[in-house]
Amino acid sequence: MSYCVNCGVELDKDAARCPLCQTPVVNPVCPVDTTIPPNFPVERREVEPVNRRELALLLTAMLGCAGGCCVLLNVLFWWREMPWSAIVAGACAMLWVWTVVPLLLRRVPSLVLVGLDLLAVAGFLYLIALAVDGLDWLVRLALPIWFGCGVVLLFLWYILPRRSILSRCMLILGGCVVLMLWLELCIDLFLGSYQPMWSIVVAAVGLTLVLPLLVIRYRPDLRREVRRRFHF
Ligand SMILES: [Zn+2]
């Protein structure tokens, strides 16, 4: 057994150089054994990229089969007032927009794709409302919540990639606080009157977390220290 004379690391019997510091191995007592096959691949191979069109076709077939089979079963056997298969088919259509559309539209900006995803969610909510005869619930509760989530998500999606880690944390926390306030407003207005309670608690906690981050963000010495300690 040999050890590197430079860094002291234990060497394999077939190592002609130290793998860490590249110092040549010279040990007259235990010469390098060149007959042992190397215990790591010597050829560099690339992983073949996934064919996007084939993957899109596979996902389309899977989702189409799931939705189509449910509709067929529903039509043949258990047709009642509420066609439950419409909800399953709608969910499959929504998943199709989420998974297959980004594969097919590669050059479209991701912000547009997120917008399409949100529209798919709105369509699915509309389908549920039709199935359970709840257009009032849709207009007064689901769509306002969907709108709030959509605005916050699109804003964060647009702004986060251009910001530092500290700013991202602050923006995500701020987005969550705004979303919780909006959520309680929508629910309370749907139920009757607006009496903020739990969202205020969430907002207070969120702001107490944002404030120290703000101080760190605008104090260069603190920022440097945090970067050093957390390896940013
Ligand atoms: Zn070495």
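Since we're looking at a predicted model, the values are computed, not measured.

**Here we look at the overall build of the protein chain**
And then number 1: Scanning the protein chain from terminus to terminus reveals seven helices and two strands.
And then number 2: Listing every helix and strand of the protein chain by position from the N terminus yields β-β-α-α-α-α-α-α-α.
And then number 3: Expressed along its principal axes, the backbone C-alpha trace of the protein chain runs to roughly 90 × 60 × 30 Å.
And then number 4: A separation of at least 24 residues holds for 45% of the contacts in the protein chain among residues at least 6 apart in sequence.
And then number 5: Surface exposure of the protein chain reaches about 16700 Å², of which carbon and sulfur atoms provide 69%.

**A word on the domain arrangement of the protein chain**
And then number 1: By domain assignment, the protein chain separates into domain 1 (1-39), domain 2 (52-133) and domain 3 (157-232).
And then number 2: Placing a centre on the C-alpha atoms of domain 2 and another on those of domain 3 gives a separation of 33 Å.

**Things to note about the side chain of Glu 184**
And then number 1: Inspection of the secondary structure puts Glu 184 in helix H5 (residues 165-191).
And then number 2: With residues near it in sequence (within four places) discarded, Glu 184 still touches Tyr 194, Gln 195, Pro 196, Met 197, Trp 198, Ser 199 and Ile 200.

**What about the coordination of the zinc ion?**
And then number 1: Donor atoms from the polypeptide that bind the zinc ion are Cys 4 (SG), Cys 7 (SG), Cys 18 (SG) and Cys 21 (SG), placed at 2.2 to 2.3 Å.
And then number 2: In this structure, the zinc ion is coordinated by four donor atoms arranged in tetrahedral fashion, with angles at the metal of 101 to 123°.
And then number 3: According to the relative accessible area criterion, Cys 21 is partly exposed, its value standing at 26%.

**A closer look at the packing of helix H2 (residues 84-104) against helix H3 (residues 110-131)**
And then number 1: Following both chains from N to C, one finds H2 and H3 inclined at 180°, their axes separated by 9 Å at the closest point. Taken together, the axes of H2 and H3 are roughly antiparallel relative to one another. Contact with H2, carried on its side by Ala 86, Ile 87, Gly 90, Ala 91, Met 94, Val 97, Trp 98, Val 101 and Pro 102, involves Leu 113, Leu 116, Asp 117, Ala 120, Val 121, Phe 124, Leu 127 and Ala 131 of H3 and no other residues of that element.
And then number 2: Broken down by class, the residue content of the contact of H2 with H3 amounts to 15 nonpolar, one polar and one charged.

**What about the packing of aromatic side chains?**
And then number 1: Counted by the stated rule, this structure contains zero aromatic pairs.
And then number 2: Here Arg 217 stacks its cationic end above the ring of Tyr 218, 5.1 Å away from the centre of that ring.

**Considerations on the environment of Val 71**
And then number 1: Relative to the assigned elements, Val 71 resides in helix H1 (residues 52-76).
And then number 2: Taking the relative accessible area as the measure of exposure, Val 71 reaches 33% and is therefore partly exposed.
And then number 3: With 14 residues separating them in the primary sequence, Val 71 and Ser 85 have C-alpha atoms 5.0 Å apart.
And then number 4: Beyond its immediate sequence surroundings of up to four residues, Val 71 is in contact with Ser 85 and Ala 89.

**Points about unusual backbone geometry**
And then number 1: Backbone geometry at Gln 22 places phi at a positive 65°, although glycine is not the residue there.
And then number 2: Mapped onto the elements of the fold, Gln 22 is located in the loop between strand E2 (10-11) and H1.
And then number 3: Residue Gln 22 is classed as partly exposed on the basis of its relative accessible area, which comes to 44%.

**Description of the pattern of salt bridges**
And then number 1: Scanning all chains against the criterion turns up five salt bridges.
And then number 2: A salt bridge links Glu 43 to Arg 45, with the nearest nitrogen and oxygen atoms 3.9 Å apart.
And then number 3: Between Glu 225 and Arg 228 there is a salt bridge whose closest N-O contact spans 3.0 Å. Highlighted residues: Glu 225 and Arg 228, both in helix H7 (residues 220-230), separated by three residues, approximately one helical turn.
And then number 4: Judged by relative accessible area, Glu 225 falls into the partly exposed class, the value being 29%.

**Some remarks on the packing of helix H4 (residues 135-159) against H5**
And then number 1: In contact at an axis separation of 10 Å, H4 and H5 are set at 170° when each is read in the N-to-C sense. Comparing the axis directions of H4 and H5 gives the class roughly antiparallel.
And then number 2: The residue makeup of the contact of H4 with H5, split by class, is 20 nonpolar, two polar and two charged.

**Looking at H5**
And then number 1: A rise of 1.5 Å per residue sets the reference length of H5, with its 27 residues, at 39 Å; its end C-alpha atoms lie 39 Å apart and thus fit the reference within 8%.
And then number 2: Within two residues after H5, Gly 192 carries a phi angle of roughly 160°, on the positive side.

**A look at a nonpolar patch on the surface**
And then number 1: A contiguous nonpolar patch, built from Val 71, Leu 72, Leu 73, Val 75, Leu 76 and Phe 77 and spanning about 560 Å² of accessible area, is present on the exposed surface.
And then number 2: With respect to the helices and strands, Leu 73 occurs in helix H1.

Calculation notes
- Residues numbered from 1 in each chain as written.
- Predicted model: local features only at pLDDT ≥ 70, side-chain atom pairs only at ≥ 80, totals over all residues.
- Heavy atoms only, no water.
- Helix = DSSP H or I, 4+ residues; strand = E, 2+ residues; numbered from the N terminus.
- Contact = heavy atoms within 4.5 Å.
- Areas by Shrake-Rupley, 256 points an atom, 1.4 Å probe, with all protein chains shown as cover.
- Domains from an automatic or database assignment.
- Donors = N, O, S within 2.8 Å, 3.2 Å for Na, K, Ca; no water.
- Tetrahedral: all angles 85-135°; square planar, octahedral: opposite > 155°, others 65-115°.
- Buried < 20%, exposed > 50% of the residue type's maximum accessible area, 1.4 Å probe, protein only.
- Axes fitted to C-alpha atoms, helices over the stretch in contact; angles between N-to-C directions.
- Parallel < 35°, antiparallel > 145°, perpendicular 65-115°, else oblique.
- Nonpolar A, V, L, I, M, F, W, Y, C, P; charged D, E, K, R; others polar.
- Phe/Tyr/Trp six-rings, centres within 6.5 Å; stacked < 30°, edge-to-face > 60°.
- Lys NZ or Arg CZ within 6 Å of the ring centre and 35° of its normal.
- Salt bridge = Lys/Arg side-chain N within 4 Å of Asp/Glu carboxyl O.
- Expected span 1.5 Å × (residues − 1).
- Patch = residues over 30% accessible without salt bridge, like charges linked within 9 Å, V, L, I, M, F, W, Y side chains within 5 Å.

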